[in-house]
Amino acid sequence: MSLKKQDDYDHNAWIKSKDLSPVETVFLTTLVWLDKRLRIVDYLELLETLYYRSNMQMPKSHTEQYDLDNKFWYWYPLYTLGSFSTIAYVVAAVSGALLGFYYSPSTAAGACNISNASVAYCSVAGIMRDLQFGFMLRSIHRWSAQVMVAAVFLHMLRVYFTGAYKEPRELNWLIGIVLISLTMVFGYTGYLLPWDQLAFWAGQIGVEMSLSIPLAGEWVAQLLFGGFTLSQATLQRMYIIHVFLLPFVVTTLIAIHIGIVWVQGIAEPH
Ligand code: HEM
């Protein structure tokens, strides 16, 4: 029933006339109030229709079609390395978002009584020393990141050695190549964020590697590191790549990657 189409009908009187519990009364009164202003019942119905229509058009998954749940190799533990990579990614994303509340990407001189420390370094030191369970949050982020790199690599080996990259899964193999590369970019950009000695010299190596690229070297160093020496521009670039650009791109690619697996199913061992 659409409430909108019966503007003259007194819904509140109808609610009062029924013997409803207080929770039901509050729920229905709120619904009527919202519907008069935002037509939410119409939109909910539209969403429901859309859901059923798109569901009817979804192809049957490969697993359903061939009843793979009953095949023993389908449950082989190495076939879950992709899911393990996904879980590690989700843990890293959630813990990283929480760290973002306390981290500041600035190379300016910090005020945390550590000689020559930047604001960025001091904010990480603050997370480790002052924030309740901050050391744990940071460890969860670092460990999940390392586990993700290992899991993605092992997942790739599994796919290779079971021949699962062959037709018709070439596209997912290529998306996988992009994913493992971006996983490493995630690791590198995150490694620079504490702006400590390790970060600084890893950054220096990055700049020099960029500069060594024939013809485009200077342009690449400018684009990725904001110049030929490390500066505020470098840290700011690493930060925005790590917390904004990569999360969007990698999340989208993982969704497409898993969507393709859903449609094609897990390959039988070759
Ligand atoms: C962020 C990284 C990645 C995530 C989260 C991910 C996730 C997944 C998941 C959940 C599956 C289902 C099967 C399984 O768990 O083994 C899968 C399958 C697959 N992945 Fe990945 N993957 C990633 C990286 C890669 C890489 C680096 C490659 C190879 C270059 C790759 C190629 C494939 C292929 C070809 C399949 C289909 C395997 C089959 O049908 O048996 N993926 N991936």
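This text goes with the structure placed above it.
Our subject in this report is the structure included herewith. (Residues numbered from 1 in each chain as written. Predicted model: local features only at pLDDT ≥ 70, side-chain atom pairs only at ≥ 80, totals over all residues. Heavy atoms only, no water.)

**With respect to the nonpolar core**
Link 1 in the chain: Counting residues in each nonpolar core, the largest one holds 15 residues, and the members touching the most others are Y89, L179, L246 and V250.
Link 2 in the chain: At the level of elements, helix 5 (81-99), helix 7 (134-161), helix 8 (170-192) and helix 11 (232-264) are the ones that each hand at least two residues to this core.
Link 3 in the chain: Looking at which element gives the most residues to this core, the answer is helix 11, with six residues.
Link 4 in the chain: Excluding anything up to four places from it in sequence, L179 contacts V250, L253, I254 and H257.
Link 5 in the chain: Judged by nonpolar contacts, the second largest core, of 14 residues, contains A120, V124, V207 and L235. (Core = buried A, V, L, I, M, F, W, Y, C linked by side-chain atoms within 4.5 Å. Buried < 20%, exposed > 50% of the residue type's maximum accessible area, 1.4 Å probe, protein only. Helix = DSSP H or I, 4+ residues; strand = E, 2+ residues; numbered from the N terminus. Contact = heavy atoms within 4.5 Å.)

**Regarding the state of the cysteines**
Link 1 in the chain: Within the structure shown, the criterion is met by one disulfide.
Link 2 in the chain: Across the disulfide from C112 sits C122; the S-S distance is 1.9 Å. Looking along the S-S bond of the C112-C122 disulfide, the torsion reads about -65°, which is the left-handed sense. Of this pair, C112 sits in the loop between helix 5 and helix 6 (119-129) while C122 sits in helix 6, placing them 10 residues apart in sequence. (Disulfide = S-S within 2.5 Å.)

**Observations concerning the environment of S210**
Link 1 in the chain: Here S210 shows up in helix 9 (residues 197-211).
Link 2 in the chain: Not counting chain neighbours up to four residues away, the residues in contact with S210 comprise G217, V220, A221 and F225.
Link 3 in the chain: Within the structure, the side chain of S210 is placed 2.8 Å from the backbone oxygen of G206, a separation counted as a polar contact. (Polar contact = N/O pair within 3.5 Å; in protein donor to acceptor, adjacent residues only side chain to side chain.)

**Here we look at the packing of aromatic side chains**
Link 1 in the chain: According to the stated counting rule, one finds 10 aromatic pairs in the structure shown.
Link 2 in the chain: Arranged with centres 5.2 Å apart and planes meeting at 75°, the rings of F244 and F248 form a pair that is edge-to-face. Of this pair, F244 and F248 both sit in helix 11, four residues apart, which is roughly one turn of that helix.
Link 3 in the chain: Counting every residue linked through ring pairs, the aromatic cluster contains Y160, F161, Y165 and W173.
Link 4 in the chain: Its guanidinium or amino end placed over the ring of W33, R37 lies 4.0 Å from that ring's centre, counting from NZ or CZ.
Link 5 in the chain: For R158, the ring lying beneath its charged end belongs to Y79, and the centroid distance is 4.2 Å. (Phe/Tyr/Trp six-rings, centres within 6.5 Å; stacked < 30°, edge-to-face > 60°. Lys NZ or Arg CZ within 6 Å of the ring centre and 35° of its normal.)

**What to know about the packing of helix 8 against helix 11**
Helix packing for two helices is described by the angle between their axes and how far apart those axes are.
Link 1 in the chain: For the pair helix 8 and helix 11, interaxial distance at closest approach is 9 Å and the crossing angle is 155°. It follows that helix 8 is roughly antiparallel to helix 11 by the angle criterion. Helix-helix and strand crossings are classified by hand; for helix 8 and helix 11 the assignment is left-handed.
Link 2 in the chain: When the residues that make up the contact of helix 8 with helix 11 are grouped by side-chain class, the tally is 21 nonpolar, six polar and no charged. (Axes fitted to C-alpha atoms, helices over the stretch in contact; angles between N-to-C directions. Parallel < 35°, antiparallel > 145°, perpendicular 65-115°, else oblique. Left-handed = near helix turned anticlockwise from the far one by under 90°. Nonpolar A, V, L, I, M, F, W, Y, C, P; charged D, E, K, R; others polar.)

Without other data, these values stay purely geometric and don't point to any function.
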